[in-house]
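Structural features, examined
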Amino acid sequence: MAATQEEIVSGLAEIVNEIAGIPAEDVKLEKSFTDDLDVDSLSMVEVVVAAEEKFGVKIPDDDVKNLKTVGDATDYILKNQD
Amino acid sequence: MTAKIKPAQGSPYARILGVGGYRPTRVVPNEEILKHIDSSDEWIRSRSGIATRHWAGPDETVAEMTLEAAGKAVADAGITAAQVGAVIISTVSHFKQTPAIATEIADRMGAGKAAAFDINAGCAGFGYGLTLAKGLVVEGSAEYVLVVGAERLSDLTDLTDRSTAFLFGDGAGAVIVGPSDEPAIGPSVWGSEGDKRDVISQTVPWDDYRVGDVSQLPVDEKTGELRFPALRQEGQTVFRWAVFEMAKVAQQALDAAGIAAEDLDVFIPHQANMRIIDSMVKTLKLPEHVTVARDVETTGNTSAASIPLAMERLLATGKAKSGDTALVIGFGAGLVYAATVVTLP
């Protein structure tokens, strides 16, 4: 069953916490991965791969660069999940 | 009538009998790289884990570094150079392509008329060479084979590219592969993904300097003169492939050798980047007792030389010991990869 926006944000928060050690409560829609959450380009790849597994989506490298904020990633997953 | 051809007599199995390495004398800290790029020591360390690398001087050519490493590997194996029956050298940074540098090495090291040839398999070159060497020993075309990865990647580094200027180092690592009564080199899981050939590559082909559009060639910003091509890569794509796809290949190599992660002593991945190494260890779920090679911190990425250099250092520092079971995996430009499980010499 498709995840809701709320479920996706909390799932991303868990992933970001696991990979970058950022407190889950800091992960909000408007936050930028690199500027606000200190997720660098390599950690972003790990976040993306973990999100692919968790939400059953494919996020090609070419699309990763457009996912600047948690909201961008959430929208992408909402649109592309099975 | 078909005449009967007598086959060669090989050894039942092959093993790595000795290892040797050569690191150039000049150590280059991140501070020196920072003269060329707008970055910081902290940024370089956090993205790559690299603190220093060795860069070769004018006399530390690919040939000289190879001879040093080869001599140590021969001595470590307890054989003489004259017993070496084949010389395989993997390099992408020896700029006189013909003849193969392996012939010069065979001659100068005292391997006489040993078969000698070069291979180009980027950062998987050591694994490719090891696979060939094992085949030669088992099939019987050579009793002892020298396999060397040797690179002067500083010659192919664009010091103004802030994503790669700090990555590369120079050096040579060598092993002797010879006969064994027991299996000591597992099945190779190797291959290529040529659809990703543009992900890591030389910026321009050499013949562009002769027939290409000169305005498209790299130029030294200070002198305005044409300079060498450089290595470039799509960092995020390489990282994703290296960590997640190569972890699968590494697991396949363990499975093919019938070795469980619990039975593994040492993990020696290609020393590309500490972040790749750390993520691979995590993805593979390697147990804590497994010693992981982290030579990249002080050696940088030396392409085909990185695995034998790391192996030599682990053994020399006592972090690994002779007889340990090690998983080795190389991956790089091609894209190509090669993984296998070996018994350390």
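Residues numbered from 1 in each chain as written. Chains lettered and ligands numbered in written order. Predicted model: local features only at pLDDT ≥ 70, side-chain atom pairs only at ≥ 80, totals over all residues. Heavy atoms only, no water.

Some points on the sheet that holds strand E5 (residues 115-119) of chain B
Residue and element names in this part refer to chain B.
- Strand order across the open sheet formed by 5 strands is E1-E7-E6-E4-E5, with mixed pairing between neighbours. Only two strands of the sheet have a single partner each, and these edge strands are strand E1 (13-22) and E5. Across the sheet, the axes of successive neighbouring strands diverge by a mean angle of 20°, strand direction being ignored.
- One ladder, built from 5 bridges, connects strand E4 (residues 84-90) with E5; its direction is parallel. The residue of E5 that forms the bridge with Ser90 is Ile119.
- Most of the contacts of helix H3 (residues 62-77) go to E1, to which it runs at about 130°, and overall it touches E1, E4, strand E6 (144-152) and strand E7 (170-180). (Pairing = 2+ DSSP bridges. Helix = DSSP H or I, 4+ residues; strand = E, 2+ residues; numbered from the N terminus. Axes fitted to C-alpha atoms, helices over the stretch in contact; angles between N-to-C directions. Contact = heavy atoms within 4.5 Å.)

Focus on the interface of chain B and chain A
- Taken residue by residue, the interface counts 10 residues in chain B and 13 residues in chain A.
- Summed over both sides, the interface of chain B with chain A buries roughly 1,200 Å², with 52% coming from carbon and sulfur.
- Run the count over chain B and chain A and you get 5 salt bridges.
- Counting across the chain B and chain A interface gives 8 residue pairs in polar contact (both at pLDDT 80 or more).
- Only helix H7 (235-257) and helix H8 (274-284) of chain B provide two or more residues apiece to the side of chain B that touches chain A.
- With 5 residues, H7(B) is the largest single contributor of residues to the side of chain B that touches chain A.
- Here the side of chain B that touches chain A is built from residues that sort into 2 nonpolar, 4 polar and 4 charged. (Buried area = accessible area lost by both parts, 1.4 Å probe. Salt bridge = Lys/Arg side-chain N within 4 Å of Asp/Glu carboxyl O. Polar contact = N/O pair within 3.5 Å; in protein donor to acceptor, adjacent residues only side chain to side chain. Nonpolar A, V, L, I, M, F, W, Y, C, P; charged D, E, K, R; others polar.)

Overview of helix H2 (residues 41-55) of chain A
- With 15 residues, H2(A) extends 21 Å between its outermost C-alpha atoms, agreeing within 8% with the 21 Å of an ideal straight helix rising 1.5 Å per residue.
- Restricting attention to buried positions, one finds in H2(A) the residues A:Leu42, A:Ser43, A:Met44, A:Val45, A:Glu46, A:Val47, A:Val48, A:Val49, A:Ala51, A:Glu52 and A:Phe55.
- Looking at the buried positions of H2(A), the neighbouring elements they touch are helix H1 (5-20), helix H3 (61-64) and helix H4 (70-80) of chain A together with helix H2 (41-48), H7 and H8 of chain B.
- A distance of 3.1 Å separates the backbone nitrogen of A:Leu42 from a side-chain oxygen at the start of H2(A), and that oxygen is part of A:Asp40.
- Phi turns positive one or two residues past the end of H2(A), at A:Gly56, with a value near 60°. (Expected span 1.5 Å × (residues − 1). Buried < 20%, exposed > 50% of the residue type's maximum accessible area, 1.4 Å probe, protein only.)

A closer look at the UniProt feature "domain: Beta-ketoacyl-[acyl-carrier-protein] synthase III C-terminal" (unreviewed entry) in chain B
- Sites flagged by UniProt as "domain: Beta-ketoacyl-[acyl-carrier-protein] synthase III C-terminal" (unreviewed entry) map to residues 254-343 of chain B.
- Split by type, residues 254-343 of chain B is 33% helix and 24% strand. Its first and last C-alpha atoms lie 13 Å apart. (UniProt positions renumbered as here; feature names shortened; annotations may be inferred.)

With respect to the packing of H3(B) against helix H4 (residues 101-109) of chain B
Residue and element names in this part refer to chain B.
- With their axes 10 Å apart at the nearest point, H3 and H4 run at an angle of 50° to one another. Our classification of the angle between H3 and H4 gives oblique. Of the two elements, H3 crosses H4, and the hand of that crossing is right-handed. Residues Val62, Ala63, Glu64, Thr66, Leu67, Ala70 and Val74 of H3 pack against Ile101, Glu104, Ile105, Arg108 and Met109 of H4.
- For the contact of H3 with H4, the class distribution of residues is 8 nonpolar, 1 polar and 3 charged. (Parallel < 35°, antiparallel > 145°, perpendicular 65-115°, else oblique. Left-handed = near helix turned anticlockwise from the far one by under 90°.)

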